[in-house]
Amino acid sequence: MLRTEEFTLNMGPQHPATHGVFRLILHLDGETIVKAEPVLGYLHRGIEKLAESRTYTQVIPYTDRLDYLAAMLNNLGYVQAVEKMIGVEVPERAEYIRVIVSEMSRIASHCIATGAYALDLGGFTGFMYPFREREKLMDMFEMICGSRMTFSYIRVGGVAADLPEEFYPAIKKFLQEFPSCVDEYDGLITGNEIFQARTKGIGILPAEKAVKYSLSGPVLRGSGVKYDLRKARPYGIYDRFDFEVPVGKNGDCFDRYYCRILEMRQSHRIIKQALEQLQELPEGPVMAKVPKVLKPPKGDVYHEIEGAKGILGYYVVSDGTVNPYRVHVRRPSFINLDLIDEMCRGWKIADVVAILGSIDIVLGEVDC
Amino acid sequence: MENLFVNTAGSIRNIMENSGLSPLLSDAVLVMFKLLAILVFVLINALWLVYMERKIAGYIQCRYGPNRVGPKGLLQTTADIGKLISKEIIIPRGADKILFLLSPALIFAPPLMVFMVVPFGENMAAVELNIGVFYFLAVASLSTVIFWMAGWASNNKYSLLGGMRVVAQMISYELPMVLAILGVVMITGTLNMSEIIRAQENTWFIFTQPVAFLIYFIAGVAECNRAPFDLAEGESEIVAGPFTEYSGMGFAMFFLAEYANMVLVSFMAATLFLGGWLAPFGLTFIPGWIWMLLKVYVLIFLFMWLRWTYPRIRVDQLMGFGWKVLVPLSLANIFVTGVAIKVLDMIGW
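Calculation notes
Residues numbered from 1 in each chain as written. Chains lettered and ligands numbered in written order. Predicted model: local features only at pLDDT ≥ 70, side-chain atom pairs only at ≥ 80, totals over all residues. Pairing = 2+ DSSP bridges. Helix = DSSP H or I, 4+ residues; strand = E, 2+ residues; numbered from the N terminus. Axes fitted to C-alpha atoms, helices over the stretch in contact; angles between N-to-C directions. Contact = placed C-beta atoms within 7 Å. Core = buried A, V, L, I, M, F, W, Y, C linked by C-beta atoms within 7 Å. Buried ≥ 20, exposed ≤ 12 C-beta atoms within 10 Å, placed from the backbone. Bend = angle between axes of the 7 residues up to and from the residue. Parallel < 35°, antiparallel > 145°, perpendicular 65-115°, else oblique. Nonpolar A, V, L, I, M, F, W, Y, C, P; charged D, E, K, R; others polar.

Draft legend 1. Here's a closer look at the sheet that holds strand β8 (residues 324-330) of chain A. Residues and elements named next belong to chain A. Overall, antiparallel pairing links the three strands, which are arranged β6-β7-β8 in an open sheet. Strands with a single pairing partner mark the edges of an open sheet, and in this sheet they are β6 (299-306) and β8. Within the sheet, the average angular offset between the axes of one strand and its neighbour, ignoring direction, is 15°. Two strands pair when backbone bridges link them, and β6 and strand β7 (residues 311-318) are joined in this way by eight bridges, in the antiparallel orientation. Bridging from a neighbouring strand, Ile-305 pairs with Leu-312 of β7. Against the sheet, helix α3 (residues 71-86) makes contact with β6 and β7, and its axis sits at roughly 145° relative to β6, the strand it touches most.

Listed below in structure tokens is the structure:
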């Protein structure tokens, strides 16, 4: 018998496929994973702590830096939590705009997830096509609020400004093109034989386990659990739209990936409906009357929304002053990473990349 | 035009013999000339192919590709190589210095050696070797050793994994490749490449040996370490495999050798299956060597198309595909070919 040894491979924090500064210590037997230890915190900026010394409004830009790929959704979660505290009625028009921009943000985030996943599996062209659509979305965000990544557009009481004139033709053109673009991803990535061989049956996550570890988002739905906060506990005006919650069956990498593709189509549906309803609304304010300096009453509030990566929750505690006493964020990427060790065991190095990519983490959110 | 290069070689020889050199010496000088020509051809081809690849990738990905350096970006690769030459060569601490420096120096040797026997056109092989195909198979697989050397010498875990993958991949794909070529050799009864081409006067072997061509092409992609079989590099898994620690020209040598290998595999495919320099449809007014190059470039385009469309296959799937699909298929091909030859022989066709 040959004497064999376990081989330790340090993957990251500088590695092309860890989606940022994520680090995994892999214990290998040949190329097979015996154990995977995630090491976090390379991008920790102490956002939760920083929030304590800022006023409630000043916290909004920090939320942009959590999941910077879907910043609108982060804005929305925090702002709705604060609104819940001070009890403000948001104008109808602002609600619709919020839905439109947050669904756009969701598509933008899923575009990255899809493209980066193709890249992780070695298909460079699959990376470029979703980015083309993301680019269009970024251009539209730039029209709306002047920024392409960190928006701070959704404010307590409404949104920063009404949608500009040039936005409407742009979004209409986008809505018209987008379904065929998703068909393109399906043709280039989803339908590819090698892609399916690389993802089907890999990194299976059973539904009970996913629920037990409170995973959420496409990772949970990929395992077949039909749970989407937009449907289960609608916040804002989500109950006014007609859409479906796509679920997977086997809970493997392919299902998680494909859930995102289907979600993009559903988001497209929501935007379309929201835009139609918005255009029927009369002109009006997009901001409620809120005081310049917010002083919520003593107490705490927890609000969660369906983010692009999963359930994004904000727990805000007020001590009656202008600064929040404590802000805690339930970061879906971080919680979805819980099972990475278990999911990776027994698979190959190449599968680790596939599994990690299918969880779709963003390090700004994991490390907070 | 048809005999442009053959005549040039002839006139060089005449000049030398007229100036009083012995035939043996002039032979030797001529071989040197041929070698130089091959070297220039291979290097220029590599430079041009990098540009072509980037342009094709650009069009596949709805972007322009290089378009700033020189007219239509044609000098992009030259500029890149110029930059890489000027870079410091970093030797990692703990690396095996001799092997580390030796492998990029040697990586160009196997393809260059094989180009010696490649018939670029009629009578245009540098050396007419009567075991040409065998020589190709024997020498081309030497590059495995060099990749492994690079992977081992770097003293880096990613490099080591990459090196191991190269060896595993080459062993599993060399076999179906040899077996696929065997079908052609059985028909022609010769290992001389020029004679194999001449045997395709009536029908190209791609029509009589379609399965062999397919197997050869797939194994060829794997031989060149190109997507979807670019496991050795696998940049999203093992960073850059054996090349992880290489900088500057060392890295560029591996990079260019990949293209040299690709040209080589395409030349072999054109020779064995696509009738080499033979003109299809009687279009003989175009010289044979242009036909050869055309066929090679069509194949190279296929290589590039594949690379920019497919994701990477996993290492165990690759081995499974090699041993469970390609090897049995090529064996079946040999069996069918053998039976067909025997039957046709018996009915005296």
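Draft legend 2. Focus on the nonpolar core. Judged by nonpolar contacts, the single largest core of 199 residues is most densely connected at Val-352 of chain A together with Tyr-216 and Ala-269 of chain B. A total of 18 residues in this core trace back to one element, the largest contributor, which is helix α13 (residues 248-273) of chain B. Residues contacting Tyr-216 of chain B, with those up to four places away along its chain left out, are Met-177, Ala-180, Ile-181, Ala-269, Leu-272 and Phe-273 of chain B.

Draft legend 3. Highlighting helix α6 (residues 167-190) of chain A. All names here are of chain A. When the local axis directions of α6 are compared, the greatest deviation, roughly 35°, occurs at Phe-178, which is followed within four positions by the proline Pro-179. Of all the positions in α6, only Ile-171, Phe-178, Val-182, Tyr-185, Leu-188 and Ile-189 are classed as buried. On its buried face, α6 sits against α4 (92-120), α5 (124-145), α7 (193-199) and α11 (253-280).

Draft legend 4. Spotlight on the packing of α4 of chain A against helix α14 (residues 349-359) of chain A. Residues and elements named next belong to chain A. Running from amino to carboxyl end, α4 crosses α14 at an angle of 180°, the nearest separation of the two axes being 9 Å. Considering their axes alone, α4 and α14 lie roughly antiparallel with respect to each other. Where α4 approaches α14, its residues Ala-116, Tyr-117 and Asp-120 are matched on the opposing element by Val-353, Ala-354, Gly-357 and Ser-358. When the residues that make up the contact of α4 with α14 are grouped by side-chain class, the tally is four nonpolar, two polar and one charged.

Draft legend 5. The interface of chain A and chain B, seen in detail. Taken together, the 25 residues of chain A in the interface contact 24 residues of chain B. Contributions of two or more residues to the side of chain A that touches chain B are made by α4, α5, α7 and α14 of chain A. A per-element tally of the side of chain A that touches chain B places α5 of chain A first, with five residues.

Draft legend 6. Spotlight on the sheet that holds strand β2 (residues 23-29) of chain A. Residues and elements named next belong to chain A. Here three strands make up an open sheet; going across it, the order is β1-β2-β3 and the pairing antiparallel. Lying at the two open borders of the sheet, with one neighbouring strand each, are β1 (7-11) and β3 (32-39). For this sheet, the mean inter-axis angle between neighbouring strands, taken without regard to orientation, is 20°. The pairing of β1 with β2 spans five bridges and is antiparallel. Bridging across to β2, Phe-7 finds its partner in Leu-28.

Draft legend 7. Quick look at the pairing of β8 of chain A. All names here are of chain A. Strand direction decides the pairing type here: β7 and β8, joined by six bridges, are antiparallel. By the bridge assignment for β8, Ser-318 is matched with Pro-324. Connecting β7 to the next strand, β8, in antiparallel fashion are five residues, including Gly-320 with a positive phi near 90°.

Draft legend 8. The arrangement of the environment of Ile-144 of chain A in detail. Residues and elements named next belong to chain A. Assignment of secondary structure puts Ile-144 in helix α5. By the C-beta count within 10 Å, which is 24 here, Ile-144 ends up buried. In contact with Ile-144, not counting residues within four places along its chain, are Val-101, Tyr-153, Leu-163, Pro-164 and Phe-167.

Draft legend 9. Broad picture of unusual backbone geometry. Positive phi, normally seen in glycine, also occurs at Ser-152 of chain A, with a value near 50°. Within the secondary structure, Ser-152 of chain A is located in the loop between α5 and β4 (154-155). Positioned with a positive phi, Lys-72 of chain B is a non-glycine residue whose angle comes to about 55°. Turning to its location among the elements, Lys-72 of chain B is positioned in the loop between α2 (23-60) and α3 (76-85).

In short, the description is geometric, and any link to function would need to be established separately.
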